[in-house]
Structures are given as structure tokens and as C-alpha cells.
Amino acid sequence: MRRLVLRSLGIALVIGTMASASIARAQGSPAAASTAAVVTVAPELSTPGEKKFTLVSEQIGDTKFWVPSTIVVQQGDKVTLNLKNEVPGTAVTHGFALPTFNVSEVVTRGEKPKVVHFTADKPGIYPYFCQLHPAHVGGQLVVEPAGH
């Protein structure tokens, strides 16, 4: 059921110019980022000060992307990301990079999810993307300032 929901959310992300705007956002273009629609997913059940998310690489048509496209945490939260690769085809690897927090992983389809841990200690908006296939659509981590 979760997979179906994630695929449905993914389909909504790739309509019209949104895909190209998201690519530009992942590459740091603020003008294009303002035109992209945002899908935000609540974290999985966790303890206070800890946020857990499952991010899945998906493909619709020729576009590969990470779902959800936006995750939101509070400054100081300990973040756990479970990274899954569901992209079909002959290439079995897909990348996940979140440079601000020194995260760079290669996720292999058919294997257990990669688990990433970090502390979101800097407020701001930070892109995540596939470092292996830079033209693919990424997403963003929003770290809200402490006390908000």
C-alpha cells in the first residue's frame, strides 16, 4: 500500500514543467525553484527530537526522482533516512547526496535500504539529489529554526 501511495505521489511530481523546475532547484537555481510544486510527507513515528523518513527513488517515463520531494525537520533533530531504490531497468544503482550534511550513498535495487543518520544542526533549505545522474530530479530538506 505504501508503495502505491509513493508511486501516486511521484506521478503528481512529474506533470508539466514541474520536473524541469525541480531539476533546476536541485542544481541551485532559485528562480526555477519557486515554480515547482512541493509534496511534503510527515515523518514516520519517532521519539521527540528524532525524525525518520523513507525516501524511495522512482522512475516515471524517463524521469528518475526521490520521493518525497520535501522533508521537514526542526533544527537539532536527529534524522534517519531509509533510502530505497525502486528504479527499474538494467542499471541497478542510484545515488543519494545531501552535501550540506556530508551524505553521499549509492543505493542498489533489490538490496536492503541504506540507512543514513545525521543531526540537522543548520536551519535552511538544502537540496538532495542523485550524484550519479545529475540531471535527475532531486528534492529538498527543510530545517526549521529551533523554537518554531
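What comes next concerns the included structure. Since the structure is predicted, the reported quantities are computational estimates derived from the model, not experimental observations.

## Focus: the sheet that holds strand 9 (residues 139–144)
Across the sheet, three strands lie side by side as 3-9-8; this open sheet has mixed pairing. A single partner strand is all that each edge strand has here, and the edge strands are strand 3 (70–74) and strand 8 (124–128). On average, each strand axis in the sheet is inclined to that of its neighbour by 20 degrees, with strand direction left out of account. Two strands pair when backbone bridges link them, and strand 3 and strand 9 are joined in this way by five bridges, in the parallel orientation. Of the residues in strand 9, the one forming a bridge with Val72 is Val142.

## So, the nonpolar core
With 21 residues, the main nonpolar core has Leu55, Leu81, Phe96, Leu98, Phe118 and Leu141 as its most contacted residues. For this core, the elements supplying multiple residues, two or more each, are strand 1 (50–60), strand 3, strand 4 (78–85), strand 5 (93–98), strand 6 (103–108), strand 7 (114–119), strand 8 and strand 9. Sorting elements by how many residues they give to this core places strand 4 first, with three residues. Residues within four places of Leu141 in sequence aside, it is in contact with Ile71, Val73, Leu98, Phe101, Phe118, Gly124, Ile125, Tyr126 and Tyr128.

## Some words on the sheet that holds strand 2 (residues 63–67)
With respect to topology, four strands assemble into an open sheet ordered 2-1-4-7, the strand pairing being mixed. Two strands close off the open sheet at either side, each with one partner strand: strand 2 and strand 7. Within this sheet the neighbouring strands show an average axis-to-axis angle of 20 degrees, counted without direction. As paired elements, strand 1 and strand 4 share eight bridges and run parallel to each other. When the bridges of strand 4 are listed, Thr54 appears paired with Asn82.

About the cut-offs
Residues numbered from 1 in each chain as written. Predicted model: local features only at pLDDT ≥ 70, side-chain atom pairs only at ≥ 80, totals over all residues. Heavy atoms only, no water. Pairing = 2+ DSSP bridges. Helix = DSSP H or I, 4+ residues; strand = E, 2+ residues; numbered from the N terminus. Axes fitted to C-alpha atoms, helices over the stretch in contact; angles between N-to-C directions. Core = buried A, V, L, I, M, F, W, Y, C linked by side-chain atoms within 4.5 Å. Buried < 20%, exposed > 50% of the residue type's maximum accessible area, 1.4 Å probe, protein only. Contact = heavy atoms within 4.5 Å.

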